[in-house]
Amino acid sequence: MIFPIIYNWVIIILRTCFTTIAFNYLSVWMTLDYVADLMYLVDMIITVHTGYLDQGILIKDLAHLKNRYLRSKHFLRDLVSLLPTDFLYFVFGLETPMVRINRLVRIPRLDEALDRMETRTSYPNTFRITKLMIYIFVLIHWNACLYFALSSYIGFGSDRWVYPNITKPEFASMRRQYFYCFWFSAQIFTTVGDTPLPKREEEYLFMIADLLIAVLVFASIVGNVGNVITSLRDRDNVFFPNHELVKAYLRSHHISKELRQRIDNWYQHLHINKKIMREKEILEQLPLHLRTEIAVSVHLPTLSKVTIFQSCEKSLLEELVLKLTPQVFSPGEYVCRKGDVGHEMYIIREGKLAVVADDGVTEYAVLTDSNFFGEISILNIKGNKSGNRRTANIRSIGYSDLFSLSKEDLTDVLSEFPAAKRHLEEKGRQILTKMGMLVDTGEEKEGEEDNVETKINTLESNLEILQTKLARLMMELESSNRKMQARVEQLELEVAALGNQPLEDEEERIKRELRGEGVGEEVGWEREEAEGEEEEGLDSKVKKEEQGEDGNVLTKDGDGESTKSREGDVEKMVEVDKSGLKDPDDQEKKEKDDSEKNKDKGDDRPGKGDGAEIELEEEKEEKSGEVDSEEGGETAEGDSENKDMKQKDEGQTKKE
Ligand SMILES: Nc1nc2c(ncn2[C@@H]2O[C@@H]3COP(=O)(O)O[C@H]3[C@H]2O)c(=O)[nH]1
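Residues numbered from 1 in each chain as written. Predicted model: local features only at pLDDT ≥ 70, side-chain atom pairs only at ≥ 80, totals over all residues. Heavy atoms only, no water.

**Digging into the sheet that holds strand β3 (residues 325-329)**
For step 1, the next point in the chain: As summarised here, the arrangement of the four strands in space is β3-β10-β5-β8, forming an open sheet in which the pairing is antiparallel. The sheet is open, and its two borders are formed by β3 and β8 (372-373), each paired with just one other strand.
For step 2, the next point in the chain: Pairing between β3 and strand β10 (residues 400-406): five bridges, direction antiparallel. Looking at β10, one finds that Pro326 is bridged to Phe403. (Pairing = 2+ DSSP bridges. Helix = DSSP H or I, 4+ residues; strand = E, 2+ residues; numbered from the N terminus.)

This is the structure in structure tokens:
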């Protein structure tokens, strides 16, 4: 649309005012006219098919788009600009191209096109200046055309102000006519003041209008050019630090000429080699992902040449690239000095640097592009005698273009990429060994540390096992306490109840009772109930602990070995606990066995009616005897078992 609109704006007025030009190239104008019209038409079709965003969603439905366009004011404007006014040629003749004046109303579309170009172009300032030049040209061109038309109206050569007589050969040519008028018009607008004085009122009016345009419109256009130039300078200021300010500062503080010279050279180097120091600031407004992409495409080639980063994953490089700060060092300048505390490491982007002795002359090594240095003092290498202090002086030989990476950023990145860390440390260790600044216990210490770690882990798991055991033992203790208490209470009751019986009988009964032979149904049952309750409680507790949430309490730490060993422990403990708890079937079986045993033995203890409970009691006692003897070894069986139990019972009674 830029072409047809500018064409119409320039040519229609030209052809209207300069009739010779219009007639001499009539066929050209006619062709171009209809090409421009065709473009106007195509533009309308394209506009109908151009989707738009509605709440972030691209609307592409043709019927909807058509409807929207037909209802918009743009459609009216486009339609007016394409009305076939050319038919008026038949009325006014071909010498009146003014009939096409409606083509000019498409001008807003030109603005739109230029705005879009401005946001897309990589050279916005050049574009802005070009746009302004076009506007100025069109303005002067219109003025020139009108001047010629006015001169024609007043009469060529009738006074000094108007265009000279075109019958004179030197003013007759078409080109002369146009150039003269354009020059005259430009002179008025720029208010150079070298124009002939107007003679007639029309001439005065023309001059007044022109001067007003010059003051208001032209001045604002020229002002815009000024803005463009200022923004160009601002751009430079953003790219490069403001040298003028620094210069003024140096002068006001009477800085030595030599230092000032060095600073000037540094600035010159930046400008000549287009070194941009404020990258971070410039790209700050972009979202992070775009910034990363830019930084990666700009700096990745340098980074991937650095040995330590060659084998690194892209993600590490991407993380790293955003943290790099560009720095430029001048010839002879020290990047770091031996003994200083290290805060950052450096990657050489371009330039040469020397590792120099303290005398500043002896060079131990020269570091070039894609090398790095300054890592030793920030890596906390074990056994490094110099700690966090620089181990060497590094001096820039020429101008050096470096990337610096702060200690914090490096630590952050390396914590996620241990391979790169090892590589860096290895290189640092090599240098330190060469210099004799590494305490060789570094490796052993590492081994020791590993050892200590394993020990701590084992201790921790053992502690857990012990805690579980302790919990179980505590529960058992509590349970036996309760048993004892119940028993004592029982005995007290019995003593009270039998208070009136003869002392000898009483004594005999208590003795029997203490031996665990029981005194009768009631007591036996009571005791059994109490114990049963306790056992049930304990049983469920043990089961709960045994199973835990996932069916295995001891798999919590995910350590296979320790889990296994602890499982063994649990089994033992469960056995221990179960010794006091009976499975009903087992109990029945055992009861039978025991009664048979008693029969065989011809035991004179009370028969089934009285003795069943007492036997149960005994069994329990037996089991608790097993608990006690569990850790000691095997449980005794048969008679010996009973004897043992009796002894134990006696012991227990004594305790009571
Ligand atoms: N000490 C020493 N440092 C070197 C040598 N070559 C390169 N360097 C680097 O110089 C850097 C000086 O600062 P650091 O001690 O932090 O880390 C050092 C190394 O990265 C060398 O031969 N000796």
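So, next bit.
**What about the packing of helix α3 (residues 26-49) against helix α4 (residues 62-71)?**
For step 1, the next point in the chain: Axis separation between α3 and α4 bottoms out at 8 Å; the angle between their running directions is 120°. For the element pair α3 / α4, the angle class is oblique. Across from Met44, Thr47, Val48 and His49 in α3, the residues of α4 making contact are Leu62, Leu65, Lys66 and Tyr69.
For step 2, the next point in the chain: Considering only residue class, the contact of α3 with α4 consists of five nonpolar, two polar and one charged. (Axes fitted to C-alpha atoms, helices over the stretch in contact; angles between N-to-C directions. Parallel < 35°, antiparallel > 145°, perpendicular 65-115°, else oblique. Contact = heavy atoms within 4.5 Å. Nonpolar A, V, L, I, M, F, W, Y, C, P; charged D, E, K, R; others polar.)

**Regarding the site of the ligand**
For step 1, the next point in the chain: Around the ligand lies a shell of 13 residues, among which Gly374, Glu375, Ser377, Thr391 and Met435 are the nearest.
For step 2, the next point in the chain: The contact in question runs from an oxygen atom of the ligand to an N or O atom on the side chain of Ser377, over 2.6 Å.
For step 3, the next point in the chain: Contacts to the ligand include Thr391, whose side-chain N or O atom sits 2.6 Å from an oxygen atom.
For step 4, the next point in the chain: In isolation the ligand has 460 Å² of accessible area, and contact with the protein removes 94% of it.
For step 5, the next point in the chain: Its residues assigned to classes, the shell around the ligand comprises seven nonpolar, three polar and three charged. (Near = heavy atom within 4 Å. Polar contact = N/O pair within 3.5 Å; in protein donor to acceptor, adjacent residues only side chain to side chain. Areas by Shrake-Rupley, 256 points an atom, 1.4 Å probe, with all protein chains shown as cover.)

**Regarding the UniProt feature "transmembrane region" (unreviewed entry) in the chain**
For step 1, the next point in the chain: The UniProt record annotates "transmembrane region" (unreviewed entry) at residues 6-26, 132-157 and 204-223.
For step 2, the next point in the chain: In this annotation, residues 6-26 is assigned 90% helix and 0% strand; the end-to-end C-alpha distance for the span is 18 Å.
For step 3, the next point in the chain: Secondary structure content for residues 132-157 is 88% helix and 0% strand, while the C-alpha to C-alpha distance between its ends is 34 Å. (UniProt positions renumbered as here; feature names shortened; annotations may be inferred.)

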